[in-house]
Structures are given as structure tokens and as C-alpha cells.
Amino acid sequence: GENVEQHPSTLSVQEGDSAVIKCTYSDSASNYFPWYKQELGKGPQLIIDIRSNVGEKKDQRIAVTLNKTAKHFSLHITETQPEDSAVYFCAARGRISSGSARQLTFGSGTQLTVLP
Amino acid sequence: DSGVTQTPKHLITATGQRVTLRCSPRSGDLSVYWYQQSLDQGLQFLIQYYNGEERAKGNILERFSAQQFPDLHSELNLSSLELGDSALYFCASSVSLGTGNQETQYFGPGTRLLVL
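These numbers were taken from a predicted model, which means no experiment stands behind them. (Residues numbered from 1 in each chain as written. Chains lettered and ligands numbered in written order. Predicted model: local features only at pLDDT ≥ 70, side-chain atom pairs only at ≥ 80, totals over all residues. Heavy atoms only, no water.)

*Asks:* I keep staring at the packing of aromatic side chains and nothing clicks. Help me out?
*Replies:* By convention here, two paired aromatic rings are described through the distance between centres and the angle between planes. As enumerated under the stated definition, the model contains twelve aromatic pairs over all chains in all. Measuring from centroid to centroid gives 4.8 Å for Y25(A) and F33(A), while their planes differ by 45°, and the two rings are tilted. Grouping residues by exposure puts Y25(A) and F33(A) together as buried. The interplanar angle of 50° and the centroid separation of 4.9 Å between the aromatic rings of F33(A) and F73(A) together place this pair among those described as tilted. Note that F33(A) is positioned in strand β4 (residues 32–38) and F73(A) in strand β8 (residues 72–77), a separation of 40 residues in sequence. The same class applies to F33(A) as to F73(A), namely buried. Put simply, the rings of Y36(A), F106(A), Y35(B), F45(B), F90(B) and F107(B) touch in pairs and so form one group of aromatic residues. Over the aromatic face of Y106(B) sits the side chain of R26(B), whose NZ or CZ is 3.8 Å from the ring centroid. (Phe/Tyr/Trp six-rings, centres within 6.5 Å; stacked < 30°, edge-to-face > 60°. Buried < 20%, exposed > 50% of the residue type's maximum accessible area, 1.4 Å probe, protein only. Helix = DSSP H or I, 4+ residues; strand = E, 2+ residues; numbered from the N terminus. Lys NZ or Arg CZ within 6 Å of the ring centre and 35° of its normal.)

Structure, rendered in C-alpha cells:
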């Protein structure tokens, strides 16, 4: 089934700097890659997503890139602010087992801390 | 606020007991997903319901079951609880089956279960 690896597990940056989080996936048939932000005590919130027919997508300070050949995708946050501090999860929609319908498999998360 | 509601927010119970977690999807969403989030396993997909029917199963134990009612709310039943079942349980919803361009999943705030 699908396996998603996420790095780094923790990331500290100075306010105003950029942050990059990387994920790799195993199922070459995976076709949808969302990124979620989870603040303490809350549920994951979708911040951006990308589909397999697109190589890059931007939304203000957030961008995601996808390399289907290498099976990896990355989240880029520019001009980071203290309110960006949270746990970020990547996910890939692939088959969790042979013959199953596609479901989201999540990475293990990255704790991003933006230092003022 | 994602529009997905979950009750209760917190639940403390003893080993061997049975609990029921409740989820109301966003207005208009037909699919409901259940996830378990623990420190060592991350976010794990448990089960999906679409318009009242079970659609897909993930890593759901036999002691756990779910259902989706005609009004589209869903319940996750956990029985014969063990210490290791302590975790955050999230419900998510999407407009349709989770394929095509309508696969965005919106998460609720979660139910924190503590088994003592």
C-alpha cells in the first residue's frame, strides 16, 4: 500500500525566513496531494493541495511542488510569521492495499516553529 | 471552522468499556471518514462511509465499528477498550466519494479518548 515519508520532523526558522517541508510517496498511481496544518487542540486544516497533472501551485505565501518522476512533493512557506507555527502534514491519495479504493495516507508531520 | 462537528470533545473511560463518538459532516457532504491520531502511529485512516454505505476500510480493528445514518451523521463505536486505544479520533467529510475534483476532506475538531 501507499507509504508517505515526511521530513524534517521539526523545523525552526526565524520570522521572515522561508520554510520547506518535503514528502515522498510510494504509489505511483497516487493522484492527489493535500497539505494540512494542525494547531494545538484543533483538527487538521487544509492549506493547499495539488493534483498529479500539475507541477506547482501557489497561494499567497504558500506553494507546493510535485515531482511525479521522483515521487516527491514539497511545501514552501515564504515570509514566515509566528502564526505559521503548527504541525504540518502532507498526504497522498493512493491505494492503502492492493485492490482497495484510494484513500489519504498521511506523513508523520513536521512541527514548524517560527521564532519572532 | 470547517463545518464538521464532533462530540464529545473529551472522553475518559476504563478498559473493557464501550464508547460512541459522533460526527456531523458539513452541510451537503455525503462522505464521512474516520481517522485515529496517536503519537506513535500518526494519522491513520479507519473507515469511510458514503451516503449511508460503507465505502472503504483502512486499519480499523474488529472491536471498532461505524455507521452513517440517513441524516448523514456518523457514529464510531469502540468496544472492549484497551489502553492503546487512547488517541485523538477525527472525522472528516467530503462532498462526494473522494475522487475527481471533489476529494477535499474537511476535518472536525476531534474527540480525545483516554482509556484508563
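Text resumes after the structure shown.
*Asks:* Looking at this model, I keep getting lost on the pattern of salt bridges. Mind explaining?
*Replies:* Side-chain pairs of opposite charge can arise whenever the charged atoms involved come near each other. All told, the structure shown has seven salt bridges over all chains when counted by the stated rule. For R26(B), the salt bridge identified is with D29(B), shortest N-O distance 2.8 Å. The shortest N-O distance in the salt bridge between R63(B) and E82(B) comes to 3.7 Å. Of the two residues, R63(B) sits in the loop between β6 (53–57) and β7 (64–68) while E82(B) sits in the loop between β8 (74–78) and β9 (87–94), which places them 19 residues apart along the sequence. Take E82(B): its relative accessible area is 44%, and that puts it in the partly exposed class. Three or more residues joined by partner-sharing salt bridges are found here, namely K37(A), E39(A) and K42(A). (Salt bridge = Lys/Arg side-chain N within 4 Å of Asp/Glu carboxyl O.)

*Asks:* Quick question: what am I supposed to make of the environment of E82(B) here?
*Replies:* With 77 residues separating them along the chain, E82(B) and T5(B) place their C-alpha atoms 26 Å apart. Residue contacts for E82(B): discarding those within four places in its chain leaves T15(B), R63(B) and V115(B). (Contact = heavy atoms within 4.5 Å.)

*Asks:* I would appreciate a short explanation of the environment of D49(A) in the present structure.
*Replies:* Tracing the backbone shows D49(A) in strand β5 (residues 45–51). Here the alpha-carbon distance between D49(A) and L11(A), two residues 38 residues apart in the chain, equals 21 Å. In this view, D49(A) contacts Y32(A), F33(A), P34(A), K57(A), V64(A) and T104(B); residues no more than four positions away in its chain are not counted. Here the side chain of D49(A) touches Y32(A) through a polar contact of 2.8 Å, side chain to side chain. There is a polar contact of 2.9 Å between the side chain of D49(A) and the side chain of K57(A). (Polar contact = N/O pair within 3.5 Å; in protein donor to acceptor, adjacent residues only side chain to side chain.)

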